[in-house]
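Report on the structure
What follows is the residue order along each chain.
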Amino acid sequence: MLFRSEISRIGYKDDTVFVGASRGVFAFGLRDGRKRYLEYSEFKGKPFASNPVFYKNSLFVGCDNGTLYEFRPASNDSSPFLQNVWSFKTRQAIRSEPLNVENRLYFGSDDHRLYALDIQERQLLWEYETQGPVCAKPAMNEGILYFGSDDRRFYALDEKTGKLLWSKSFFGKIRTSPLIQKGRRSEEHTSELQSPNT
């Protein structure tokens, strides 16, 4: 099978591999490669750039058109497809993989913001604005959200309110997800995340 699309992100669920690509979202059987659901193509020429995240029977994935889509398996005359059942619009591309904690999604956007959504009520809880694109998946520990931005700052927010608790400046853009190590603190740094300034 010829796959005429640039592949960006991949996720797995129930023996199915979901692929976000420049022409839509595709799904195939993990073992046989058979197409499980017809691709969703209402994306206005923009690729799906974030990792897909699963919540109950839904798949959430960000798109370069600035929209977070919710897809759900459906069928029409015995022909399965991914149905767009809900969406949330930001101001620019979404490349950050959403973080799912209970019934909430946290994700960044190129519009310089980190968003918190209640995915049971399908509504915005809060948003926090930085000075640069937020491209990587945030991390959470004991009610605190941690994430970096292209503005060269690393942030810690209250996960319920979005209130800033503290931030640190770095010498380079932060486009990787934080790794939280409980217990003894690691003293290792990557080449881009050199000794931060307060």
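Residue indices follow the written sequence of each chain, beginning from 1 at its first position. Under the rules for a predicted model, residues below a pLDDT of 70 receive no local features and side-chain atom pairs below 80 are neither given nor counted, while totals for whole chains, interfaces and linings still include all residues. Hydrogen atoms and water are omitted, and side-chain values are computed over all heavy atoms in the structure.

1. Quick notes on the overall build of the protein chain
To qualify as a helix, a DSSP run of H or I must reach at least 4 residues; to qualify as a strand, a run of E must reach at least 2; elements of each kind are numbered from the N terminus. Within the protein chain, the secondary structure is distributed over zero helices and 16 strands. A contact between two residues is defined here by any heavy atoms of the two lying within 4.5 Å. A fraction of 38% describes how many contacts in the protein chain between residues 6 or more apart in sequence connect residues 24 or more apart. Residue-level accessible areas treat just the shown protein chains as cover; the underlying method is Shrake-Rupley with a 1.4 Å probe. Counting every atom, the protein chain has about 11100 Å² of accessible surface; 44% of that belongs to carbon and sulfur.

2. A few points about the packing of aromatic side chains
Stacked, tilted and edge-to-face are the three classes applied to pairs of Phe, Tyr and Trp rings, where Trp contributes its six-membered ring and a pair requires centres within 6.5 Å; stacked means planes under 30 degrees apart, edge-to-face means over 60, and tilted covers the rest. Evaluation of the coordinates by the stated rule reveals 12 aromatic pairs. Ring plane angle 45° and centroid distance 6.2 Å describe the contact between Y106 and W126, whose orientation is recorded as tilted. Here W126 lies in strand β12 (residues 123-129) and Y106 lies in strand β10 (residues 104-108), a separation of 20 residues in the sequence. Comparing Y106 with W126 shows no difference in burial state: the two are buried. Geometrically, the ring pair formed by F154 and F170 is edge-to-face, given 6.4 Å between the ring centres and 75° between the ring planes. For the exposure calls, accessible area comes from a 1.4 Å probe over protein chains only, and a residue counts as buried if that area is under 20% of its type's maximum, exposed if over 50%, partly exposed in between.

3. Structural notes on the sheet that holds strand β11 (residues 113-118)
The four strands lie next to each other as β9-β10-β11-β12, forming an open sheet whose pairing is antiparallel. A strand with exactly one partner marks an edge of an open sheet, and here the two such strands are β9 (99-101) and β12. Along the sheet, successive strands turn relative to each other by an average axial angle of 20°, direction set aside. Relative to β12, β11 runs antiparallel, the two being bridged by six bridges. By the bridge assignment for β12, L117 is matched with L124. At least two DSSP bridges between two strands are needed for those strands to be called paired. To get an axis, a line is fitted to the C-alpha atoms, and for a helix only the part in contact is used. The angle between two axes follows their N-to-C directions and goes from 0 to 180 degrees.

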